[in-house]
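Next come the chains, spelled out residue by residue.
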Amino acid sequence: MEETFSKEESLALISKMINAAKKEQKDNGIGWIIWGWLLVATSLLTVLDIHYKWFQLGFFWNVFGGIILLYMLFAIIRSLFFKKIEKVKTYTQDLLSKLNAGFFISLMFIIISMNVSNYLLYEKYAVYDVIPINTGFALLINLYAFWILIYGTALNFRPSVIGAYCTWAVGFTALFMKTFEQVMLLHALAVVVGYIIPGHIANHQFKKLHKKGNSTDGV
Amino acid sequence: MEFKELDPILHAPLRLAVISLLLSVKEAEFTFIKEKTNSTAGNLSVQISKLKEAGYIEVTKQFKDNYPLTICKITPKGVDAFENYVKALQSYMHPNS
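On a predicted model such as this, the values are computed, not experimentally measured, just so you know.

Conventions used here
- Residues numbered from 1 in each chain as written.
- Chains lettered and ligands numbered in written order.
- Predicted model: local features only at pLDDT ≥ 70, side-chain atom pairs only at ≥ 80, totals over all residues.
- Helix = DSSP H or I, 4+ residues; strand = E, 2+ residues; numbered from the N terminus.
- Buried ≥ 20, exposed ≤ 12 C-beta atoms within 10 Å, placed from the backbone.
- Rg over C-alpha atoms; globule rule 2.2 N^0.38 Å.
- Contact = placed C-beta atoms within 7 Å.
- Nonpolar A, V, L, I, M, F, W, Y, C, P; charged D, E, K, R; others polar.
- Pairing = 2+ DSSP bridges.
- Axes fitted to C-alpha atoms, helices over the stretch in contact; angles between N-to-C directions.
- Parallel < 35°, antiparallel > 145°, perpendicular 65-115°, else oblique.
- Left-handed = near helix turned anticlockwise from the far one by under 90°.
- pLDDT = per-residue confidence, 0-100.

Undergrad: Residues and numbers for the overall build of chain B, please.
TA: Across its full length, chain B carries 4 helices and 3 strands. Overall, chain B shows an N-to-C arrangement of helices and strands of α-β-α-α-β-β-α. Projected onto the principal axes, the alpha-carbon positions of chain B cover approximately 55 × 25 × 20 Å. The buried share of chain B, taken over its 97 residues, is 32%.

Undergrad: How would you explain the overall build of chain A if you had to name every residue and give the values?
TA: Looking only at helices and strands, chain A features 7 helices and 1 strand. Along chain A, helices (α) and strands (β) appear in the sequence α-α-α-β-α-α-α-α when read from the amino end. Its C-alpha atoms give chain A a radius of gyration of 22 Å, more than 25% over the compact-globule value 17 Å for 219 residues. C-alpha atoms of chain A, sized along the principal axes, occupy 85 × 40 × 30 Å. Out of the 219 residues belonging to chain A, those deemed buried represent 24%.

Undergrad: Now, about the environment of Leu-44 of chain A: what can you tell me, with residues and values included?
TA: Mapped onto the elements, Leu-44 of chain A comes out in helix H2 (residues 30–52). Separated by 140 residues in sequence, Leu-44 of chain A and Met-184 of chain A have C-alpha atoms that sit 7.0 Å apart.

Undergrad: Explain the interface of chain B and chain A to me, using residue names and the numbers behind them.
TA: Contacts between chain B and chain A engage 27 residues on the former and 25 residues on the latter. Elements that contribute at least two residues to the side of chain B that touches chain A include exactly helix H1 (13–23), strand S1 (27–29), helix H2 (30–37), strand S3 (67–74) and helix H4 (76–93) of chain B. Of the residues in the side of chain B that touches chain A, the class split is 14 nonpolar, 7 polar and 6 charged.

Undergrad: Break down the environment of Gly-78 of chain B for me, citing the residues and quoting the values.
TA: Residues and elements named next belong to chain B. Assignment of secondary structure puts Gly-78 in helix H4. According to the C-beta neighbour criterion, Gly-78 is buried, with 23 such atoms within 10 Å. Residues Gly-78 and Leu-14 lie 64 residues apart in sequence; the distance between their C-alpha atoms is 15 Å.

Undergrad: Describe in detail the pairing of S3 of chain B, supporting the description with residues and values.
TA: Residue and element names in this part refer to chain B. Both S1 and S3 contribute to a ladder of 2 bridges, which runs antiparallel. Bridge assignment links Glu-29 to a residue of S3, and that residue is Ile-71. Summarising the sheet, strand S2 (residues 57–64) and S3 pair through 8 bridges and their orientation is antiparallel. For Lys-64, the partnering residue across the bridge sits in S3 and is Tyr-67.

Undergrad: Quick rundown of the packing of H2 of chain A against helix H3 (residues 59–81) of chain A? Include the residues and the values.
TA: Residue and element names in this part refer to chain A. Across the interface, H2 lies against H3 with an axial gap of 8 Å and an inter-helix angle of 155°. In terms of their interaxial angle, H2 and H3 are classed as roughly antiparallel. For the element pair H2 and H3, the recorded crossing hand is right-handed. Together, Leu-38, Thr-42, Leu-45, Thr-46 and Asp-49 of H2 and Phe-59, Phe-60, Trp-61, Phe-64 and Ile-67 of H3 make up the contact between the two elements.

Undergrad: Please set out the sheet that holds S2 of chain B residue by residue, giving values where relevant.
TA: Remark on secondary structure: sheet strands pair via backbone hydrogen bonds, oriented parallel or antiparallel. Taken in spatial order, the 4 strands make up an open sheet running S1(A)-S1(B)-S3(B)-S2(B), and their pairing is antiparallel. Since the sheet does not close on itself, it has two edges, and those belong to strand S1 (88–89) of chain A together with S2 of chain B, each with one partner. Bridge count for S1 of chain A against S1 of chain B is 2 bridges, and the pairing is antiparallel. Counterpart to Lys-89 of chain A in the pairing with S1 of chain B is Glu-27 of chain B. Against the sheet, H1 of chain B touches S1, S2 and S3 of chain B, its axis set at about 80° to S3 of chain B.

Undergrad: Break down the environment of Glu-58 of chain B for me, citing the residues and quoting the values.
TA: Residue and element names in this part refer to chain B. With respect to the element layout, Glu-58 can be found in strand S2. Looking at Glu-58, the number of C-beta atoms within 10 Å reads 16, which means it is partly exposed. Separated by 15 residues in sequence, Glu-58 and Lys-73 place their C-alpha atoms 5.2 Å apart.

Undergrad: Before we move on, could you go through the confidence of the model for chain B and cite the residues and values that matter?
TA: Residue and element names in this part refer to chain B. Overall, the prediction assigns chain B a mean pLDDT of 90, with 94% of residues at 70 or greater. Taken element by element, the predicted model of chain B shows its lowest mean pLDDT in S2 (90) and its highest in helix H3 (residues 41–53) (96). Across the whole predicted complex the pTM is 0.83, and at the interface the ipTM reaches 0.86.

Take a look at the structure:
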């Protein structure tokens, strides 16, 4: 005979299963932390480079770009040849993967436009100025804020939503800075408030949830 | 106050658990459902077949690196049935509303 149950038990079971599924939609924050520290390290090394003149301006950003390109190559190879079996797919994951693709395209768009503007400025007036680069970094901060806001909203993660508005405030301030050094310091600050702090909070919550959650799964 | 009849397909613990889980995700693999519902493979297979026969879920079988994969996904009919089931439950819990 088939097992039946009360109406209260039905509702409790529905709620339990929906909560179990929700756990799959949490981010462990590791990606934000790695990306964040890489950006902060690059910004601060660039500030030190401006002071001590170790290399040409932008050397550390080129290194950063190289690391990202290598990572992208690795990610493409992994997705083509070593794809992991996904036990569950959520609508949030779908949205976030499209958001990530859009983010990287926009990121590349801004980086290329910074370099093209710089080149055209030099071609036309034979001057080299950091204005297009400074504005470009302010726009990059603006892009980070947009990504963080959507990501935070999709995951219903308040620290990211707050972090997004703080990042926008820092990005807006960066628009009025005159030196590249000031912009780099603001860039590092934007990344700390937008990625690193929310990333560590997400990681802490993820660990707590999965530690607690293991004993509550099941019908 | 008229009480709505509870859908017998859904009014069984494991089938209701499977539908509630699938409602919140795009699709899920058999082992994921088994893990989350803490059920046995045999019992889960039987209940998944019943949900499939009722048209509440879609089941796709595929192979990945020689491993069989059973992917389950809720159908629009399954979503409607779940919504009606919850409404019926609410009518029992709050008969005056």
